[in-house]
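Given next are the chains, with one letter for each unit.
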Amino acid sequence: MKITIIGTGYVGLVTGACLAELGNDVFCLDVDQRKVDILNNGGIPIHEPGLEEVVARNRAAGRLQFSTDVAASVAHGDIQFIAVGTPPDEDGSADLQYVLAAARNIGRYMEGFKVVVDKSTVPVGTADRVTAAIREELGLRGKTELSFSVVSNPEFLKEGAAVEDFMRPDRIVIGHDQSADGLRAQTLMKKLYAPFNRNHERTYWMDVRSAEFTKYAANAMLATRISFMNELANLADRVGADIESVRHGIGSDPRIGHSFLYAGCGYGGSCFPKDVQALERTAREYDQSLLILRAVEQVNDLQKHVLGKKLVARFGEDLSGKHFAIWGLAFKPNTDDMREASSRVLIGELVRRGASVAVYDPVAMKEAARVLELDFADDTARLQQIRFAASPMDALQGADALAIVTEWKAFRSPDFERVKAALNHPVIFDGRNLFDPQLMADSGIEYYGIGRSLQARAQ
């Protein structure tokens, strides 16, 4: 099938490459010439395990092309995926300017039936706005006889496992209307996704608004589980319970399960914070308050300060002259995404209290340097207090303590004797509960986890 992907960001690039991998002829459009040049020269603008190989393989096979030619992109695909960014607006709502611009371009150049797929995460009712934008452009051209259908096909990709998620989906959600054009679109979408349903049916068909809502509801539920566990972890610290034992105890209940029950120093990324805010905004438009989601967001904002508070409690309010090592900068492992990352909050708090820091991340160093420069744009002198280390052990040299913010696998089994020898004080603040408190005590390391107040101190 001939497919057009509008936008070569995270969702668009993964979608385009994976659909090409299945044998489709995919045209990826982006208005950013620099990004298109990188892709055409064999590079890839994001870090996602396995994606570079899929892109290279399908470019070589002639099934995947990248261009800035809008007219050519519209002419190419019978199915047009809109996979552009929907950044949060000032009021927390999703900014749809890029989605609607893509829709207008489709209406401006289309000459035959098109299935227009909203792949970007968009608020309920966006399909109606996309439909109106296309119809307006067709009207301006005097081409109102041309038909199309807008469907919703939200993505459920996890950063760091996106290729696997796309190629082996646990569900495919598609929303369409029951008009003749909507049923025609359903037939084409069924054909496109047929390879994923050979073993068993994974597609859930529904109306468009329900599909749009499903994406927000899924991310809001996952964010809720995380914030719930973080609140319990903070209470566990007070009452003398171990949140890891609690997690196993409640996760064994099949009604609850183990997923997304890990306590830590807050979630980040491009999805959970933005989607929770956007869903709250949608509720306000309908005169409803989503009290639980408001609390989820507030808990997460506070949780990003928990590690900083633990360091201050141990080393004092004034951290002048203190030096700390930080392992992990990206908001989660297997990505270089620094959006809403907890590390940014911790670094900001430490350097503003006078401390210096040495930071290390396996893949996010370049992106971290960029975003931290923005974070300290109004106080550039603070940047001199941040050193980007060459390795985890390099970050430890001369540090008074180690703080772990991202749960990279490379951090899970360090040589603790080397860690102790490198630190001025054998103290670890574990923002992801990677280590066993008793093992830390046996190793002579003073250990602070999240909700692990039973931890034995170094003997």
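Residues numbered from 1 in each chain as written. Predicted model: local features only at pLDDT ≥ 70, side-chain atom pairs only at ≥ 80, totals over all residues. Heavy atoms only, no water.

Of the regular secondary structure elements, the protein holds 18 helices and 14 strands. In terms of overall dimensions, the protein is globule-like: its C-alpha atoms have a radius of gyration of 24 Å, near the 23 Å expected for 459 residues. By principal-axis analysis of the C-alpha atoms, the protein measures approximately 80 × 45 × 45 Å. Burial status across the protein gives 53% buried among its 459 residues. Taking the intrachain contacts of the protein between residues at least 6 apart in sequence as the baseline, contacts between residues at least 24 apart amount to 73%. (Helix = DSSP H or I, 4+ residues; strand = E, 2+ residues; numbered from the N terminus. Rg over C-alpha atoms; globule rule 2.2 N^0.38 Å. Buried < 20%, exposed > 50% of the residue type's maximum accessible area, 1.4 Å probe, protein only. Contact = heavy atoms within 4.5 Å.)

As a general feature of sheets, a regular strand has side chains that alternate between the two faces. Across the 5 residues that make up strand β1 (residues 2–6), a large majority, 4, are buried. Relative to strand β2 (residues 25–29), β1 runs parallel, the two sharing 5 bridges. Its bridge partner lying in β2, Lys2 is registered against Asp25. Remark: the β1/helix α1 (residues 10–21)/β2 crossover connection has right-handed handedness. By the bridge criterion, 4 bridges tie β1 to strand β4 (residues 79–82) in an arrangement that is parallel. Looking across to β4, one finds that Ile5 is bridged to Phe81. (Pairing = 2+ DSSP bridges. Right-handed = clockwise from strand over helix to strand, strands pointing away.)

What follows deals with the sheet that holds strand β10 (residues 356–360). Strand order in the open sheet formed by 6 strands is β11-β10-β9-β12-β13-β14, and the pairing between neighbours is parallel. Each having just a single partner strand, β11 (386–388) and β14 (446–448) make up the two edges of the open sheet. Averaged over all adjacent pairs, the angle separating strand axes in this sheet is 20°, with direction ignored. Pairing of strand β9 (residues 323–327) with strand β12 (residues 401–404), which is carried by 4 bridges, proceeds in the parallel orientation. Pairing of Ala325 across the sheet is with Leu402, part of β12. Each of β10 and β11 is contacted by helix α15 (residues 365–375), which is oriented at about 160° to β11, the strand it contacts most. (Axes fitted to C-alpha atoms, helices over the stretch in contact; angles between N-to-C directions.)

Glancing now at the pattern of salt bridges. Oppositely charged side chains are able to pair whenever their charged atoms sit close together. The full count for this structure, using the stated rule, is 29 salt bridges. Here Glu159 and Arg339 are joined by a salt bridge, their closest N and O atoms 3.9 Å apart. Here Glu159 is found in the loop between β6 (148–152) and α7 (162–167), whereas its partner Arg339 is found in the loop between β9 and α14 (342–352), with 180 residues between them in sequence. What makes Arg339 partly exposed here is its relative accessible area of 43%. Between Arg432 and Glu407 there is a salt bridge, with the nearest N and O atoms lying 3.4 Å from each other. With Arg432 in the loop between β13 (427–430) and α18 (437–442) and Glu407 in the loop between β12 and α17 (416–422), this residue pair connects regions lying 25 residues apart in the sequence. Relative accessible area serves as the criterion here: at 16%, Arg432 is assigned to the buried category. Where salt bridges share partners, they join Glu111, Arg141 and Lys143 into one cluster. (Salt bridge = Lys/Arg side-chain N within 4 Å of Asp/Glu carboxyl O.)

Turning next to the side chain of Arg202. On the secondary structure map, Arg202 appears in the loop between α8 (180–193) and β8 (203–206). It turns out Arg202 is buried and unbridged, and the closest side chain with the opposite charge, Asp170, is 7.5 Å from it. In terms of polar contacts, Arg202 uses its side chain to reach the backbone carbonyl oxygen of Pro169, at 2.8 Å. Excluding its chain neighbours within four sequence positions, the residues that come into contact with Arg202 are Pro169, Arg171, Ile172, Phe196 and Asn197. (Lys, Arg positive; Asp, Glu negative; His and termini not counted. Polar contact = N/O pair within 3.5 Å; in protein donor to acceptor, adjacent residues only side chain to side chain.)

A word on the UniProt feature "binding site: substrate" (unreviewed entry) in the protein. With numbering matched to this structure, UniProt assigns "binding site: substrate" (unreviewed entry) to Phe156, Leu157, Lys158, Glu159, Lys215, Phe260, Leu261, Tyr262, Ala263, Gly264, Gly268 and Lys332. These residues run over 177 residues, and the two farthest C-alpha atoms among them are 24.0 Å apart, placing them at more than one spot. With respect to the element layout, Gly264 can be found in the loop between α10 (243–251) and α11 (272–285). Gly264 has contacts with Asn230, Gln303, Gly431, Arg432 and Ile450, leaving out every residue within four places of it along the chain. (UniProt positions renumbered as here; feature names shortened; annotations may be inferred.)

It is worth spelling out the pairing of strand β7 (residues 172–175) at this point. Residues Ile172 and Ile174 point to one face of β7 and Val173 and Gly175 to the other, with burial holding for every one of them. Inspection of the sheet shows β7 paired to β8 by 4 bridges, in the parallel sense. Looking at the pairing, Ile174 lines up with Trp205 of β8. Each parallel crossover has a hand, and the one from β7 via α8 to β8 is right-handed.

Turning our eyes to something else, we now look at the side chain of Ser227. Its location among the elements puts Ser227 in helix α9 (residues 208–239). Apart from the residues lying within four places of it in its own chain, the contact partners of Ser227 are Tyr267, Val296, Val299 and Asn300.

In this section: the UniProt feature "binding site: NAD(+)" (unreviewed entry) in the protein. In this numbering, the UniProt entry assigns the feature "binding site: NAD(+)" (unreviewed entry) to Asp30, Lys35, Thr86, Thr121, Glu159, Lys274 and Arg339. These residues run over 310 residues, and the two farthest C-alpha atoms among them are 23.9 Å apart, placing them at more than one spot. The residue Asp30 is located in the loop between β2 and α2 (33–40) in this model. Aside from chain neighbours lying at most four places away, what touches Asp30 is Gly7, Thr8, Gly9, Lys35, Val36, Ser67 and Thr68. Polar contacts involving the side chain of Asp30 include one to the main-chain amide nitrogen of Asp32, which spans 2.9 Å. The topology assignment puts Lys35 in helix α2. A residue is classified by how much of its surface remains accessible, and Lys35, at 18% relative accessible area, is buried. Aside from chain neighbours lying at most four places away, what touches Lys35 is Thr8, Gly9, Asp30 and Pro45.

Right, let's talk about the domain arrangement of the protein for a bit. Size of an interface: often given as the accessible area lost when the parts come together. Once the domains are mapped, the protein shows domain 1 (2–206) and domain 2 (220–456). Relative placement of domain 1 and domain 2: their C-alpha centres are 34 Å apart. The partner domain 2 presents 17 residues to the 15 residues of domain 1 that form the contact. Of the roughly 1,300 Å² buried where domain 1 meets domain 2, counting both sides, 50% is carbon and sulfur surface. Our enumeration of links across domain 1 and domain 2 arrives at 1 salt bridge. Along the contact surface separating domain 1 from domain 2 lie 3 residue pairs in polar contact (both at pLDDT 80 or more). (Domains from an automatic or database assignment. Buried area = accessible area lost by both parts, 1.4 Å probe.)

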